[in-house]
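Breakdown of the fold
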Amino acid sequence: MDAHILTLSGNTKFTITLDPTVWIFDNRKVDLDTYFHEESISEANNEPEFGPRRWQTNQIRTKKEASIEGSYGMKLSPFIDNAEPSAGATTITAVTKDGEEHQSSLDVGKDWIACFSEDGKAIKETGPLHIYFGDGSNQHAPITHVTALRID
(Lines give C-alpha, C1' and ligand atoms only; values in the text may rest on other atoms or scores of the structure.)
Protein backbone atom coordinates (compact mmCIF):
# COMPACT_ATOMS: atom_id res chain seq x y z
CA MET A 1 0.00 0.00 0.00
CA ASP A 2 1.17 3.56 -0.72
CA ALA A 3 3.04 5.16 2.19
CA HIS A 4 0.53 8.01 2.29
CA ILE A 5 -2.59 5.85 2.39
CA LEU A 6 -3.93 4.52 5.69
CA THR A 7 -7.07 2.88 7.01
CA LEU A 8 -9.72 3.58 9.60
CA SER A 9 -10.85 0.14 10.68
CA GLY A 10 -11.77 -2.02 13.63
CA ASN A 11 -15.16 -2.45 15.27
CA THR A 12 -16.94 -0.83 12.33
CA LYS A 13 -19.32 -1.81 9.57
CA PHE A 14 -16.91 -0.46 6.94
CA THR A 15 -13.15 -0.04 6.64
CA ILE A 16 -12.36 3.42 5.33
CA THR A 17 -9.28 3.99 3.18
CA LEU A 18 -7.83 7.45 3.75
CA ASP A 19 -5.65 9.19 1.16
CA PRO A 20 -4.56 12.49 2.74
CA THR A 21 -2.78 13.59 -0.46
CA VAL A 22 -6.14 14.52 -2.01
CA TRP A 23 -7.57 16.35 1.02
CA ILE A 24 -6.01 19.67 -0.05
CA PHE A 25 -8.95 20.08 -2.44
CA ASP A 26 -11.60 19.14 0.16
CA ASN A 27 -13.75 22.05 1.37
CA ARG A 28 -13.91 20.53 4.88
CA LYS A 29 -10.20 21.12 5.55
CA VAL A 30 -9.22 23.56 8.27
CA ASP A 31 -6.28 25.96 8.25
CA LEU A 32 -4.13 24.88 11.19
CA ASP A 33 -2.18 28.14 11.16
CA THR A 34 -5.30 29.88 12.52
CA TYR A 35 -7.73 27.15 13.61
CA PHE A 36 -7.00 26.89 17.33
CA HIS A 37 -6.69 30.66 17.74
CA GLU A 38 -10.01 31.27 15.98
CA GLU A 39 -11.71 28.56 18.01
CA SER A 40 -10.93 30.38 21.27
CA ILE A 41 -12.08 33.71 19.81
CA SER A 42 -15.31 32.17 18.52
CA GLU A 43 -16.02 30.50 21.86
CA ALA A 44 -15.39 33.77 23.71
CA ASN A 45 -17.88 35.53 21.43
CA ASN A 46 -20.32 32.60 21.51
CA GLU A 47 -20.16 32.35 17.72
CA PRO A 48 -20.77 29.01 16.01
CA GLU A 49 -17.67 27.22 14.74
CA PHE A 50 -18.50 27.81 11.10
CA GLY A 51 -20.37 31.10 11.52
CA PRO A 52 -19.97 34.30 9.50
CA ARG A 53 -16.73 35.36 11.19
CA ARG A 54 -15.08 32.02 10.49
CA TRP A 55 -16.13 32.19 6.84
CA GLN A 56 -14.59 35.64 6.46
CA THR A 57 -11.26 34.68 8.04
CA ASN A 58 -10.86 31.51 6.00
CA GLN A 59 -11.04 32.98 2.54
CA ILE A 60 -11.48 30.50 -0.28
CA ARG A 61 -8.20 30.00 -2.09
CA THR A 62 -7.65 28.81 -5.59
CA LYS A 63 -6.59 25.19 -5.97
CA LYS A 64 -3.12 26.32 -7.00
CA GLU A 65 -2.67 28.48 -3.88
CA ALA A 66 -4.06 25.79 -1.58
CA SER A 67 -1.67 23.20 -2.93
CA ILE A 68 1.45 25.27 -2.20
CA GLU A 69 0.68 27.20 1.00
CA GLY A 70 -0.42 26.56 4.56
CA SER A 71 -0.80 23.75 7.05
CA TYR A 72 -4.09 21.90 6.89
CA GLY A 73 -6.06 19.21 8.66
CA MET A 74 -9.38 17.43 8.54
CA LYS A 75 -11.69 16.64 11.44
CA LEU A 76 -12.07 12.90 11.80
CA SER A 77 -15.81 12.93 12.56
CA PRO A 78 -17.07 12.46 8.97
CA PHE A 79 -14.71 9.53 8.40
CA ILE A 80 -15.65 7.90 11.69
CA ASP A 81 -19.36 8.37 10.92
CA ASN A 82 -18.91 6.86 7.43
CA ALA A 83 -17.17 3.81 8.93
CA GLU A 84 -20.33 3.24 11.03
CA PRO A 85 -18.85 2.15 14.37
CA SER A 86 -20.65 -0.76 16.01
CA ALA A 87 -22.92 -0.01 18.96
CA GLY A 88 -20.31 -1.37 21.37
CA ALA A 89 -17.43 0.71 19.96
CA THR A 90 -16.16 3.20 22.55
CA THR A 91 -12.59 4.15 21.63
CA ILE A 92 -10.40 5.31 18.77
CA THR A 93 -6.70 4.59 18.61
CA ALA A 94 -4.04 6.32 16.51
CA VAL A 95 -1.33 3.79 15.67
CA THR A 96 2.12 5.10 14.80
CA LYS A 97 4.84 3.72 12.53
CA ASP A 98 6.65 2.33 15.60
CA GLY A 99 3.51 0.57 16.88
CA GLU A 100 2.86 3.15 19.59
CA GLU A 101 -0.86 3.59 20.33
CA HIS A 102 -2.68 6.74 21.45
CA GLN A 103 -6.23 6.09 22.58
CA SER A 104 -9.23 8.29 23.28
CA SER A 105 -12.96 7.92 23.69
CA LEU A 106 -14.77 7.78 20.38
CA ASP A 107 -16.67 10.99 21.15
CA VAL A 108 -13.46 12.91 21.85
CA GLY A 109 -11.76 11.26 18.85
CA LYS A 110 -14.41 12.65 16.53
CA ASP A 111 -12.95 16.08 17.29
CA TRP A 112 -9.39 14.99 16.50
CA ILE A 113 -7.86 16.80 13.55
CA ALA A 114 -5.73 14.82 11.11
CA CYS A 115 -3.01 17.16 9.86
CA PHE A 116 -1.97 16.19 6.33
CA SER A 117 -0.03 19.25 5.15
CA GLU A 118 2.65 21.44 6.69
CA ASP A 119 3.79 24.61 4.97
CA GLY A 120 2.11 23.51 1.75
CA LYS A 121 3.74 20.10 1.57
CA ALA A 122 2.52 16.60 2.30
CA ILE A 123 3.92 15.22 5.54
CA LYS A 124 6.51 12.65 4.48
CA GLU A 125 9.16 12.15 7.14
CA THR A 126 6.86 12.26 10.19
CA GLY A 127 3.57 11.32 8.51
CA PRO A 128 1.47 10.55 6.70
CA LEU A 129 -0.68 12.12 9.43
CA HIS A 130 -0.27 14.10 12.61
CA ILE A 131 -3.12 14.05 15.10
CA TYR A 132 -4.14 17.20 16.95
CA PHE A 133 -6.69 17.04 19.74
CA GLY A 134 -9.79 19.11 19.05
CA ASP A 135 -9.22 21.26 22.12
CA GLY A 136 -5.72 22.20 20.91
CA SER A 137 -4.04 20.83 24.04
CA ASN A 138 -1.32 19.13 21.97
CA GLN A 139 -1.05 21.94 19.42
CA HIS A 140 2.71 22.20 19.89
CA ALA A 141 3.33 18.45 20.23
CA PRO A 142 0.94 16.50 17.97
CA ILE A 143 0.96 12.72 17.63
CA THR A 144 3.23 12.08 14.63
CA HIS A 145 3.99 9.13 12.32
CA VAL A 146 0.31 8.05 12.39
CA THR A 147 -0.14 5.15 9.97
CA ALA A 148 -3.53 3.73 11.03
CA LEU A 149 -6.67 4.56 12.98
CA ARG A 150 -8.57 1.84 14.81
CA ILE A 151 -11.99 1.87 16.45
CA ASP A 152 -12.60 -0.58 19.30
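Heads up: these notes are all about the structure in this document. Since we're looking at a predicted model, the values are computed, not measured. (Residues numbered from 1 in each chain as written. Predicted model: local features only at pLDDT ≥ 70, side-chain atom pairs only at ≥ 80, totals over all residues. Heavy atoms only, no water.)

1. Notes on the packing of aromatic side chains
By the definition in use, this model includes 6 aromatic pairs. Between the aromatic rings of Phe-36 and Tyr-132, the centroid separation amounts to 6.0 Å while the plane-to-plane angle is 45 degrees, which identifies the pairing as tilted. Highlighted residues: Phe-36 in helix α1 (residues 35-44) and Tyr-132 in strand β9 (residues 129-132), separated in sequence by 96 residues. Note on Phe-36: relative accessible area 10%, which makes it buried. For Tyr-132, a relative accessible area of 10% puts it in the buried group. For the ring pair Trp-112 and Phe-133, a centre distance of 6.0 Å and an interplane angle of 40 degrees mean the geometry is tilted. In this pair, Trp-112 sits in the loop between α5 (106-109) and β7 (113-118) while Phe-133 sits in the loop between β9 and β10 (143-151), placing the two residues 21 residues apart along the sequence. (Phe/Tyr/Trp six-rings, centres within 6.5 Å; stacked < 30°, edge-to-face > 60°. Helix = DSSP H or I, 4+ residues; strand = E, 2+ residues; numbered from the N terminus. Buried < 20%, exposed > 50% of the residue type's maximum accessible area, 1.4 Å probe, protein only.)

2. Examining the nonpolar core
Core analysis: the biggest nonpolar cluster contains 25 residues, and Leu-8, Leu-18, Trp-23, Leu-76, Ile-92, Ile-131 and Leu-149 have the highest contact counts within it. The element best represented in this core is β10, accounting for 4 residues. The residues touching Trp-23, leaving out its near neighbours within four places in the chain, are Leu-18, Lys-29, Met-74, Phe-79, Ala-114, Phe-116 and Leu-129. Judged by nonpolar contacts, the second largest core, of 8 residues, contains Leu-32, Tyr-35, Phe-36 and Tyr-132. (Core = buried A, V, L, I, M, F, W, Y, C linked by side-chain atoms within 4.5 Å. Contact = heavy atoms within 4.5 Å.)

3. A few points about the pattern of salt bridges
One pass over the structure, following the stated rule, counts 5 salt bridges. Of the charged contacts, one joins Glu-84 and Lys-13 as a salt bridge, the two residues approaching to 3.9 Å between their closest N and O atoms. In this pair, Glu-84 is assigned in the loop between α4 (77-83) and β5 (91-96) and Lys-13 in the loop between β1 (6-10) and β2 (16-18), connecting sequence segments 71 residues apart. Look at Glu-84 and you get partly exposed, because its relative accessible area is 38%. Between Asp-152 and Arg-150 there is a salt bridge; the shortest N-O distance is 2.9 Å. For Asp-152, a relative accessible area of 33% translates into the label partly exposed. (Salt bridge = Lys/Arg side-chain N within 4 Å of Asp/Glu carboxyl O.)

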